[in-house]
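Coordinate inspection notes
The chain contents come next:
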Amino acid sequence: MQYEARFLRQIHKDLLETRLLEEKLCDLYAQGRVPGHVHSGVGQEATYVGVLSTRQPGDYFKLTHRPISMPWMLGTDLDMFFGELLAKKTGNSGGRGGSLHIGELRTGVLGMSGTLGCDTGVAVGAALTIDYEQRPNVSYMFMGDGTSSRGPVYEAMNLAAAWKLPVLFICENNGFAISTPASSTIPVPNALADRAAGYGMPSEVADGTDVLDVYRAAKKMSDYVRAGNGPAVLECKDYRWRGHFEGDQCAYRDAEVTKEWVENHDCVKNLEAMLLKEGVVTEAELAAMRAGFDEQMETAIAHAEAAPAMTAEEIFDGLYA
Ligand SMILES: Cc1ncc(C[n+]2csc(CCOP(=O)(O)OP(=O)(O)O)c2C)c(N)n1
Ligand SMILES: [Mg+2]
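Quick summary incoming for the structure in this document.

Cut-offs applied
- Residues numbered from 1 in each chain as written.
- Chains lettered and ligands numbered in written order.
- Predicted model: local features only at pLDDT ≥ 70, side-chain atom pairs only at ≥ 80, totals over all residues.
- Helix = DSSP H or I, 4+ residues; strand = E, 2+ residues; numbered from the N terminus.
- Contact = placed C-beta atoms within 7 Å.
- Axes fitted to C-alpha atoms, helices over the stretch in contact; angles between N-to-C directions.
- Parallel < 35°, antiparallel > 145°, perpendicular 65-115°, else oblique.
- Left-handed = near helix turned anticlockwise from the far one by under 90°.
- Nonpolar A, V, L, I, M, F, W, Y, C, P; charged D, E, K, R; others polar.
- Buried ≥ 20, exposed ≤ 12 C-beta atoms within 10 Å, placed from the backbone.
- Pairing = 2+ DSSP bridges.
- Right-handed = clockwise from strand over helix to strand, strands pointing away.

Some details on the environment of A196
Its location among the elements puts A196 in the loop between strand 5 (180-181) and strand 6 (203-207). In this structure, the C-alpha to C-alpha distance between A196 and A161, residues 35 residues apart in sequence, is 9.8 Å. The contacts of A196, once residues within four sequence positions are left out, are M201, P202, S203 and V233.

Notes on the packing of helix 1 (residues 5-30) against helix 2 (residues 45-52)
Running from N to C, helix 1 and helix 2 point in directions that differ by 140°, and their axes come no closer than 10 Å. Considering the angle they form, helix 1 stands oblique to helix 2. Viewed along their axes, helix 1 and helix 2 form a crossing whose handedness is right-handed. Contact residues: I11, D14, L15, T18, R19 and E22 in helix 1; E45, A46, Y48 and V49 in helix 2.

Brief notes about the packing of helix 1 against helix 10 (residues 283-306)
At their nearest, the axes of helix 1 and helix 10 sit 10 Å apart, and the two run at 50° to each other. Relative to helix 10, helix 1 is oriented oblique. Both helix 1 and helix 10 take part in a crossing whose hand is right-handed. Contacts between helix 1 and helix 10 pair K13, L16, E17, L20, L21 and K24 from the former with M289, R290, F293, D294 and M297 from the latter. Residues that form the contact of helix 1 with helix 10 fall into these classes: six nonpolar, no polar and five charged.

So, the pairing of strand 2 (residues 139-144)
The element strand 2 is largely enclosed, with a buried count of six among its six residues. Here strand 2 shows no split at all, with S139, M141 and M143 on one side and Y140, F142 and G144 on the other all buried. Relative to strand 2, strand 1 (residues 60-62) is paired through three bridges, and the arrangement is parallel. Residue F61 lies in a different strand from strand 2, and its bridge partner there is Y140.

A word on the pairing of strand 3 (residues 167-173)
Of all seven residues in strand 3, seven are buried; the element is thus mostly enclosed. Here strand 3 shows a buried face lined by V167, F169, C171 and N173 and a second buried face lined by L168, I170 and E172. Bridge analysis of strand 2 against strand 3 gives six bridges, and the strand direction is parallel. Opposite M141, over in strand 3, you have F169 as the bridge partner. For the segment spanning strand 2, helix 6 (residues 151-162) and strand 3, crossover handedness is right-handed. In terms of strand pairing, strand 3 meets strand 7 (residues 232-237) through six bridges, oriented parallel.

Remarks on the environment of A193
Here A193 lies in the loop between strand 5 and strand 6. Between the alpha carbons of A193 and H101 there is a distance of 27 Å; along the sequence they are 92 residues apart. Residues contacting A193, with those up to four places away along its chain left out, are S203, V205, V233 and E235.

Observations regarding the sheet that holds strand 7
With respect to topology, five strands assemble into an open sheet ordered 1-2-3-7-6, the strand pairing being parallel. Either end of the sheet is taken by a strand with one partner, and the two such strands are strand 1 and strand 6. Between one strand axis and the next, the sheet turns by 20° as a mean value, whatever way the strands run.

Structure representation (C-alpha cells):
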C-alpha cells in the first residue's frame, strides 16, 4: 500500500462526510425544506476531496456550485453551513446567499460568483496577495468544464502565468454544462488541461472518480505551484450523476450511461472496498461513522430550522460601509 493508514482514514472520512452532506441536501430539498436551488455534487466528491487534501494553512479556495458542501472539510461550522442553506440568520451571510454563497475568510473559502468564471480573477488576486506576502501558499481555483470556456477564465489564467502567481486551476470535467455535453462546445478532449500549454503551464489529468488518483495528480501540481514556479492546471474527469439542479429530469442524456457511472465509478464505494480489503477499516467502523455523522448533521439542521430568519428590514444590512 502506497499511503499510510492514517492518511487513508482521513481522506475517506472527508470523502464520506462530503457524500453524506450532499445526499442530505437532496433529501432536505425533496422535502421542501431548502429555499432556493441545490446543485447536487453526489458522485463528484473525489475531485474536490482529493485536491483539497493537498491544502496547507493559509491557502485560499474558490469553490463552485457543485459540490456545495466543501466548506465543511475546510473548517466551516455545520451550524453556520446549514444556517446559510436554510436561509437563517445563523448562516455566514445571514441566509442572504444560500448554497452558492458560503464564504469565510477564516477558512480561506473565498465564496463564489453566480456569474460563472468571473471569480477566476478573484483567485488570481488572492494569489497576488500570497506572492506579495511571500508565503508558501496556493490559491485553488475550481471550475466546471462549461465554465472553462469562458473569457474571464482565460484572461485571469494569462495574467497568472505572466506574473508567475501561485494558482492551481482545477477543472472538474463532469461532461455537462446544464444540458450541453462538453463534446459539443469544447474542441479538445481535456477542457482545461489541453489549453494549459497556451499559457506555458504544466498540467495533469486525473480520474476524478478515484480520490487517490486525484490526490496524486493534485500533489504533483500543487507542489509545483507552492514551490514558486507559477500556476498549473489539473483536470479531473468524472460524471454528473444527478440533474443540473434537483428536479432536472435529464431527458437530454442516456440514462444507461448514467447508470454505468453510478454503478462502476462510485468514489466512496470503491475506496471503501479497497480499505476493507487492506484491513484499514472494518464494516462496523464504517457503519458507526455514517450513523455518527448523520446525528451531527441532524443536530445542525435542527439548530438551523429553529434559528430566526432574516426580516425584510434587515435585508440590506452590511451592504454599505
Ligand atoms: C456566466 C454564466 N453563464 C451562465 C450561467 C448559468 N449556469 C449556471 S451553472 C451552468 C453550467 C455550468 O457548467 P459547468 O461549468 O460544467 O459546471 P457543472 O454545473 O457541470 O458543475 C450554467 C450555464 C451562469 N451562472 N453564469
Ligand atoms: Mg460540467
